[in-house]
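Given next are the chains, with one letter for each unit.
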Amino acid sequence: MLVRNQYISAVRPFIGLDIVKVITGIRRSGKSVLLRQIRDEIAHNVDPSGMFIEINLEEEENAPFLAKGALHAHVLKTIKKAKGRKVYVFLDEVHDMEDWEITVNSLRTKKNVDVYITGSNSKLLSGELASCLTGRYVDIQVTPFSFAEFCDAYASEAKGGEEDAFRKYLTIGGMPFVSNLGFREDLAASYLEDVFSSILLKDVAKRGKIRDVDVLSRIVRYVMTEAGHTFSAASIVRYLKKENRPCTVDTVLNYLELCEQAFLFARVKREDLIGRRVLAVDEKFYVTDHGMRRALVGGDAMRDIDQMLENLVYFELVRRGWRVTVGRLRSKEVDFVAERRGERRYYQVAYLMPSDDTRKREFDALLEIPDNHPKFVLSMDPVDMSPRGVKNLHIRDFLKSSAS
């Protein structure tokens, strides 16, 4: 079981404090395992005398706790038995419980109780919880394995070193359970299709009360195919019309929002680099797990390689705590503008730059930005082609680097 130190480090400063630790992320991204790792961290390194209550609300035996007030009463009984010891409450997939946010807030107010919860929907664990807790929570978003984590998990299987690991990562993605499948591509594809179906039915259709799941599935597959490209809701409507599945723009927009909330993909806004304005048009979408995209869209690992490399870089920047937009500089595009605590960086992503024209296109957009913030071109080229003012890095080196 790979220890996810990045997330444990993010939780560690809040252990024992009067604040709910909320762990969100796409289904099967490792939230439940992370809860157990946080429990072990507390038991071994923080409070060996603490008492622990761990309840996964998706398990059948815990169905009675879904009723209003049932879990609250159960925890209160355990608290009485603690006799002054700290009680750590871990609730997995809490959003299926009736009035869960009231229960969580009530437990938070109890003396010597420390609460940790997980969920697979961003709206449930921000909007509803925020209105109830008014700032008494911290949200830690978990993603599938980064490339560095994947390399650690794949180390015993890799035959061709880091290059082999990267090809495998491009092919099957970073969902943690693929390691239990021996990293077999056929088994991983089947598993990821099942995970996708579960997300679509449980986290999107059920919550959004969507009856026409076929239209929903077609919209999601369209977005996955166009990951990293700009498109409009109207273009999806036209596509569905050709498929004899008529749909309105409002319906498409609603379905896209529900899919974002379920962490199937992320919407990235565009920024005008001259006026420093966030634009309301030409947004892009990136897929949370690129292996799931390949399982659904098909093709080998090298198909749409430019799109997938861009997808990897976006989520790596997010993991490192950057707020990311897509840049527009007059007629040119800058793939990513990253900001964090007053810092700002610019990134272009390319597969290879074999010609002068390609290199000019990638570097010139960055060189024309009228400021002195760091600028990077990330590519798979074996030779550093950095011009003055821009640094060229190999994508694998960037993804594996511990530098933020």
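This text follows the structure it describes.
Residues numbered from 1 in each chain as written. Predicted model: local features only at pLDDT ≥ 70, side-chain atom pairs only at ≥ 80, totals over all residues. Heavy atoms only, no water.

Enquirer: I tried to follow the overall build of the protein on my own but got confused; where do I start?
Expert: A tally of regular secondary structure across the protein gives 15 helices and 12 strands. On C-alpha atoms alone, the protein measures out to a radius of gyration of 22 Å, which is about the 22 Å that the 2.2 N^0.38 rule sets for 404 residues. Residues classed as buried in the protein amount to 53% of the 404 residues present. Long-range pairs, those at least 24 residues apart, make up 66% of the contacts in the protein between residues at least 6 apart in sequence. With the model as given, the accessible surface of the protein reaches about 18400 Å², and the carbon-plus-sulfur share is 49%. (Helix = DSSP H or I, 4+ residues; strand = E, 2+ residues; numbered from the N terminus. Rg over C-alpha atoms; globule rule 2.2 N^0.38 Å. Buried < 20%, exposed > 50% of the residue type's maximum accessible area, 1.4 Å probe, protein only. Contact = heavy atoms within 4.5 Å. Areas by Shrake-Rupley, 256 points an atom, 1.4 Å probe, with all protein chains shown as cover.)

Enquirer: Looking at this structure, how should I read the packing of helix α8 (residues 185-208) against helix α9 (residues 213-225)?
Expert: When two helices pack together, their arrangement is given by the angle between their axes and by how far apart the axes lie. Contact geometry for α8 and α9: axes closest at 11 Å, N-to-C directions at 115 degrees. Between α8 and α9 lies a crossing whose hand is right-handed. Where α8 abuts α9, its residues Phe 196, Leu 200, Leu 201, Val 204 and Ala 205 lie against Val 213, Leu 216, Ser 217, Val 220, Arg 221 and Met 224. Split by residue class, the contact of α8 with α9 holds nine nonpolar, one polar and one charged. (Axes fitted to C-alpha atoms, helices over the stretch in contact; angles between N-to-C directions. Left-handed = near helix turned anticlockwise from the far one by under 90°. Nonpolar A, V, L, I, M, F, W, Y, C, P; charged D, E, K, R; others polar.)

Enquirer: Which parts of the structure should I look at to understand the sheet that holds strand β4 (residues 113-119)?
Expert: Sheet strands pair via backbone hydrogen bonds, and the direction of the pair is either parallel or antiparallel. An order of β2-β3-β4-β1-β5 is seen for the five strands of this open sheet, with the pairing classed as parallel. Each having just a single partner strand, β2 (51-56) and β5 (137-142) make up the two edges of the open sheet. Within this sheet the neighbouring strands show an average axis-to-axis angle of 15 degrees, counted without direction. Bridge count between strand β1 (residues 20-25) and β4: four bridges; the pairing is parallel. Residue pairing in the sheet places Ile 23 in a bridge with Thr 118 of β4. Here helix α3 (residues 70-82) sits on the sheet in contact with β2, β3 (87-92) and β4, set at roughly 165 degrees to β2. Along the sheet face, helix α4 (residues 100-109) touches β1, β3 and β4 and points at about 155 degrees away from the line of β4. (Pairing = 2+ DSSP bridges.)

Enquirer: Whenever I open this one, the environment of Glu 333 confuses me. Can you help?
Expert: Examined against the element boundaries, Glu 333 turns out to sit in strand β9 (residues 332-340). Assessed through its relative accessible area of 28%, Glu 333 is described here as partly exposed. When the C-alpha positions of Glu 333 and Gly 25 are compared, they lie 29 Å apart, and in sequence the two are 308 residues distant. The residues contacting Glu 333, other than those within four sequence positions of it, are Arg 270, Lys 284, Val 326, Gly 327, Gln 348 and Ala 365. At a separation of 3.0 Å, a polar atom in the side chain of Glu 333 contacts the side chain of Arg 270. At a separation of 2.7 Å, a polar atom in the side chain of Glu 333 contacts the side chain of Lys 284. (Polar contact = N/O pair within 3.5 Å; in protein donor to acceptor, adjacent residues only side chain to side chain.)

Enquirer: I tried to follow the environment of Glu 316 on my own but got confused; where do I start?
Expert: Counting through the fold element by element, Glu 316 comes out in helix α13 (residues 305-319). For Glu 316, the contacting residues outside a window of four places in its chain are Ser 146, Phe 398 and Leu 399.

Enquirer: Which parts of the structure should I look at to understand the packing of aromatic side chains?
Expert: Any two aromatic rings considered together are summarised by their centre-to-centre distance and by the angle between their planes. All chains considered together, the criterion is met by 20 aromatic pairs. Ring plane angle 75 degrees and centroid distance 4.8 Å describe the contact between Tyr 154 and Phe 183, whose orientation is recorded as edge-to-face. Note that Tyr 154 is positioned in helix α6 (residues 147-154) and Phe 183 in the loop between α7 (161-172) and α8, a separation of 29 residues in sequence. What makes Tyr 154 buried here is its relative accessible area of 5%. Judged by its relative accessible area of 4%, Phe 183 falls in the buried class. Where Tyr 222 meets Phe 231, the ring centres are 5.6 Å apart and the plane angle is 80 degrees; that geometry is what we call edge-to-face. The class for Phe 231 is buried, based on a relative accessible area of 16%. Taken together, Phe 147, Phe 150, Tyr 154, Phe 166, Tyr 169 and Phe 183 form an aromatic cluster joined through their ring pairs. (Phe/Tyr/Trp six-rings, centres within 6.5 Å; stacked < 30°, edge-to-face > 60°.)

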